[in-house]
Amino acid sequence: MDTTRRAVRVRASSHLAILMTCLVGCGGLLESPDTSGGEAVDQRVEWAYQDYYRVDLTPSGAWASSRLSHGTVFVPMLRPGTHAPILGLDGTPLRYTCGVTFISPRRAITAAHCVDATNVWSPANQLLEVRMYDPMRADEVHWEATARSLSGTFPRYRKTPLGPGYGTTSYGCRVVARCGGPYGDYRCPAAFPRADTALLDCGDSSPGCRYDYLGVAGSEGEGVPVSMSWTHEVYTIPADRSSDLWRHYTRYAGYEPTLNYHYYDAHQLLPLRSTPWSPSGRPRVSLGVTSTGTDARLTELHGCHGSSGAGITQRNAALGTEELLGPVAVWDSWVFRAHDYDFLCEDPERTARGPGDAGLGYARLAFTRKLVESRSASDVCDAQSPGLFPNLHLWLEHDVWLLRRAPLTPQAFPKPWPCVEATCSAWERVRFPNEPLVPVGRSSPLSLPPARVVSGMSYRVSVRVRALEATPPRVTLTLGSQTLLRGARPQSRPGEAAGLVATTFVATSGGTQTLKLSLEADSGAAAVTEWVVVSDTLAQGFEYRSQRVGVGILEPGASVPVPATWTRGETSRFASLLRGGQRWVATRQALVPGRGWAVAFDTSRATRGMMCGFITADGREPRMPCDAVAKRVRANFQLGTAQPVAFFVDLPEGHPDVALDNLRLQSR
């Protein structure tokens, strides 16, 4: 269960073997096994392993989606045959924990050994807890004080709880597929005896809609930079081997969970992020593959009990996104027993590694890709929220499939990305991620999933359209029986790779309806990207992933935005953090041309010298002062005939951090 393998120091090569030994568990910390008799030094996990990972409370940049799509599955320890719970020495049920990674609104990938047939013996009838982790503020969590507070006698240790800013949400999920002979195949779509991959379904609660979900990689290889998000408790443990804490936490004696505090349901787990090699900053990379046991690809990532099931990801440089390779897998215990120390985590000294040394491995990409082939039209976000539309993101295979409920092959965007050349338009410069194009033909329209439309509500819709033939495209948009646009020609600036089709409309009827995009009979073939529908009257909070996509930060001197930093809001779980000297940008807002705009949003504090404005298609930036009054900003813009492509907020250098929330852009 939540099992990982420890690395040994050996260079990767074409005949790389499995270089770890088997662990069972989750999220612990390990102190140096130094037996020299030197002075005992307390080391909390963050300090002991600062070269391997860091606590990641405020997700930011391209990594944010990996952090937010990661959760923890809690699996009860059961006895074989009777399925009776295994109890700790204090009489409480013990449990394993493993990582999960969402790959759609309701479905997540984990390792099969985490949810094996012993502990999940009736998958259809066993509901497992999956816990997701909100953005948090360090000054409201106080994790270091909690790490230092652990004391007492096993198993009744005492500790200070994390602060009031610690936020999680739990969901009930079931195993719907499990692949890997030793763990009990269950509805596995193919014969994969060496797999270690499972699929969870969390039903209509759809955790991926509130938090995030990743695309699955199209290929894997050796020498590719990789990362990992995972969770576990963080404590300071004495290095003194005779101490109670060392014997019942740092040490995992005989792999007996009743003797290790980690397996007791008494912890608040923290989100962690892997780090590059220190001090060089070189990313950790993938290595060779295993020849026996679990079919896995090794990496240079560090792990311990609790890494199991966590998603190992790679960056798709062409798209600017992280994508899932597979879950951290288990290996056979017969390999290199001399390195199998009975500790909860790897020993950073005796198994110290450098670049090229093997660490964690992930169950191969082919297993993950096979499990995600099964898709459902009900696996979608925002379809039942009045006033919201299920805006699809075309860098995700799952979302592309929803456009026609059939496989589609996206096309790469024709401009380089990031687009910083003189030939790049203002819109092309602020695009992120680099969303591909999806082809649409005269006889093959595209449709967003059905949405709950509010009668009489005003909406904005926009889509970028690229001609694929000499004959210009003519686009028609319909919402149920209501025609929004008929035969519209995309409007573009010279050299722009895709023109804009945009309009506002008032829904003439309510209820569940489908928004469809089609081409007229005399239209040339085309491809579309950035299809967005928003309410023109509702404030845009950031509680759902669809509201956060396209919100980013321009660092001083940078020319291309990166995804925003997310923190806890005063009245919400998600607010966007803006630091002094940064520019905050909101794209993908279905901004229509030739309108005035009423702007409003909330701030976490009073501001001084803050400016707001729009970036227009011709490269201008009309702006005005917009300091918050009573933590609220209101401003009005008259843009004439200009086409806005993004809204922005500039915070002066040296200004204290400000959290932004509840953005409202209303056309006039």
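The rules behind the values
Throughout this document, residue positions are counted from 1 along each chain, in the order its sequence is written. Reporting of local features is limited, given that this is a predicted model, to residues whose pLDDT is at least 70; pairs of side-chain atoms are given and counted only at 80 or more, and all residues count toward the totals for whole chains, interfaces and linings. Side-chain numbers come from the whole structure's heavy atoms, not from hydrogens or water. Using a 1 Å grid laid over the protein atoms alone, points where a 1.4 Å probe fits but cannot get out form a cavity; open sets with protein on both sides within 12 Å along at least 5 of 7 lines form a pocket; any residue with an atom within 4 Å of a point counts as lining. Grid points are joined across faces, edges and corners, and a volume is the space filled by probe spheres set on the points. Helix and strand labels come from DSSP, where a helix needs a run of H or I of at least four residues and a strand needs a run of E of at least two; each type is numbered from the N terminus. When the centres of two rings from Phe, Tyr and Trp lie within 6.5 Å, Trp using its six-membered ring, the rings pair. Their planes under 30 degrees apart give stacked, over 60 give edge-to-face, and anything left gives tilted. Burial classes follow relative accessibility: with a 1.4 Å probe on protein chains only, a residue under 20% of its type's maximum area counts as buried, one over 50% as exposed, and anything between as partly exposed. Throughout this description, the term charge over a ring refers to an Arg CZ or Lys NZ atom that lies within 6 Å of the ring centre and within 35 degrees of the ring normal.

**Q** Teacher, can you tell me more about empty space enclosed by the protein here?
**A** Rolled over the atoms, a probe with the dimensions of a water molecule shows which regions are left empty. Taken as a whole, this structure holds four cavities of 30 Å³ or more when the rule is applied. Of the volumes computed, that of the largest cavity is approximately 210 Å³. Contributing to the lining of the largest cavity are 19 residues, with W427, R464, E530, R588 and V645 lying nearest its centre. Residue assignment for the lining of the largest cavity shows that the elements contributing at least two residues are strand 23 (458-467), strand 29 (526-535) and strand 39 (644-650).

**Q** How do you make sense of unusual backbone geometry when you look at a structure like this?
**A** Leaving glycine aside, a negative phi is the common case for residues, and trans is the common case for peptide bonds. Following F154, the chain continues to P155 via a peptide bond in cis, the omega torsion being 0°. Tracing the chain through its elements places P155 in the loop between strand 7 (151-153) and strand 8 (156-158). For the bond from F432 to P433, the omega torsion is -15°, close enough to zero to count as cis. Its location among the elements puts P433 in the loop between helix 9 (426-429) and strand 20 (438-440). Notably, R187 is not glycine yet its phi reads approximately 50°, a positive angle. The topology assignment puts R187 in the loop between strand 9 (168-179) and strand 10 (197-201).

**Q** Any chance you could explain the packing of aromatic side chains here in plain terms?
**A** Any aromatic ring pair is given by two values, namely how distant the centres are and how the planes are angled relative to each other. Under the definition given, this model contains 21 aromatic pairs. Centre to centre, the rings of Y211 and F574 are 6.0 Å apart; their planes meet at 65°, and the pair counts as edge-to-face. In this pair, Y211 is assigned in the loop between helix 5 (207-210) and strand 11 (215-216) and F574 in the loop between strand 32 (565-567) and strand 33 (575-578), connecting sequence segments 363 residues apart. Look at Y211 and you get buried, because its relative accessible area is 0%. Here F601 and F647 contribute two aromatic rings whose centre-to-centre distance is 6.3 Å and whose plane-to-plane angle is 65°, an arrangement assigned as edge-to-face. Of the two residues, F601 is situated in strand 35 (residues 596-603) and F647 in strand 39; the sequence distance between them amounts to 46 residues. For F647, a relative accessible area of 0% puts it in the buried group. The rings of F154, Y157, Y235, Y249, Y261 and Y264 are connected pair by pair, giving a single aromatic cluster. When the ring centre of W277 is taken as origin, the NZ or CZ atom of R284, which lies over that ring, is 4.0 Å away. Just above the ring of Y213 sits the side chain of R545; from NZ or CZ to the centre is 4.1 Å.

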